[in-house]
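# Chain and residue survey
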Amino acid sequence: MTLRWEAFLEEVQERGEYATPQEAERAARIVLALLGAHLVGDVRAELAVRLPETMALVLLNPLQAAEPLSQERFVRATAAWIEGATDATALWDVGAVLSTVADAAGDDLTRRVLLQLPPGYDLLFGRPTAGERP
């Protein structure tokens, strides 16, 4: 089931404690663009279907990643794209967006997303054990 645009932004805004929906949207666009650069194939396509159309397009037309980023580098990259952000505020932004994405995706798809990412992303998605590898 696709999450409605308003519901998605409201959830990100609440989790990120943003003053406006525009702040939540800015964080969501940046985080999803970076995430999209790390996902491929059916997993990225299935995740896009669960997101509002605007956010799905951001995920499907990602920034280019030369190599997979560790979770720490992902947070630093997010900070670099958000004016005035620090690693600590970017970590907050990433957590607000990715935990909302995980809820929209459901446990099975979130597990498959995490399998495409370097270790440590499970915490960013608010799923501390969901990405355990066999």
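Rules and cut-offs
- Residues numbered from 1 in each chain as written.
- Predicted model: local features only at pLDDT ≥ 70, side-chain atom pairs only at ≥ 80, totals over all residues.
- Heavy atoms only, no water.
- Helix = DSSP H or I, 4+ residues; strand = E, 2+ residues; numbered from the N terminus.
- Buried < 20%, exposed > 50% of the residue type's maximum accessible area, 1.4 Å probe, protein only.
- Contact = heavy atoms within 4.5 Å.
- Axes fitted to C-alpha atoms, helices over the stretch in contact; angles between N-to-C directions.
- Parallel < 35°, antiparallel > 145°, perpendicular 65-115°, else oblique.
- Nonpolar A, V, L, I, M, F, W, Y, C, P; charged D, E, K, R; others polar.
- Salt bridge = Lys/Arg side-chain N within 4 Å of Asp/Glu carboxyl O.

### Observations concerning the environment of Q22
By secondary structure assignment, the location of Q22 is in helix α2 (residues 21–36). By relative accessible area, which is 55% here, Q22 ends up exposed. Separated by 13 residues in sequence, Q22 and L9 have C-alpha atoms that sit 8.7 Å apart.

### Focus on the side chain of Q71
Here Q71 shows up in helix α5 (residues 71–81). When its relative accessible area of 17% is taken as the criterion, Q71 is described as buried. What Q71 contacts, discounting residues up to four positions off in sequence, is P119, G120, Y121 and L124.

### Points about the packing of helix α1 (residues 5–16) against α2
Any two packed helices are characterised by the angle at which their axes cross and by the distance between the axes. Running from N to C, α1 and α2 cross one another at 95°; their axes reach a closest spacing of 9 Å. As far as their axial angle goes, α2 and α1 are roughly perpendicular. Here α1 contributes W5, F8, L9, V12 and Q13 to the contact with α2, which in turn contributes P21, A24, E25, A28 and L32. Its residues placed into classes, the contact of α1 with α2 shows 8 nonpolar, 1 polar and 1 charged.

### What to know about the pattern of salt bridges
Under the criterion given, the structure shown has 9 salt bridges. Of the charged contacts in the structure, one is a salt bridge between D103 and R127, with a shortest N-O distance of 2.7 Å. Here D103, found in helix α6 (residues 87–105), pairs with R127, found in the segment after α8 (121–124); they are 24 residues apart in sequence, far enough to count as distant. For R112, the salt bridge identified is with D108, shortest N-O distance 3.5 Å.

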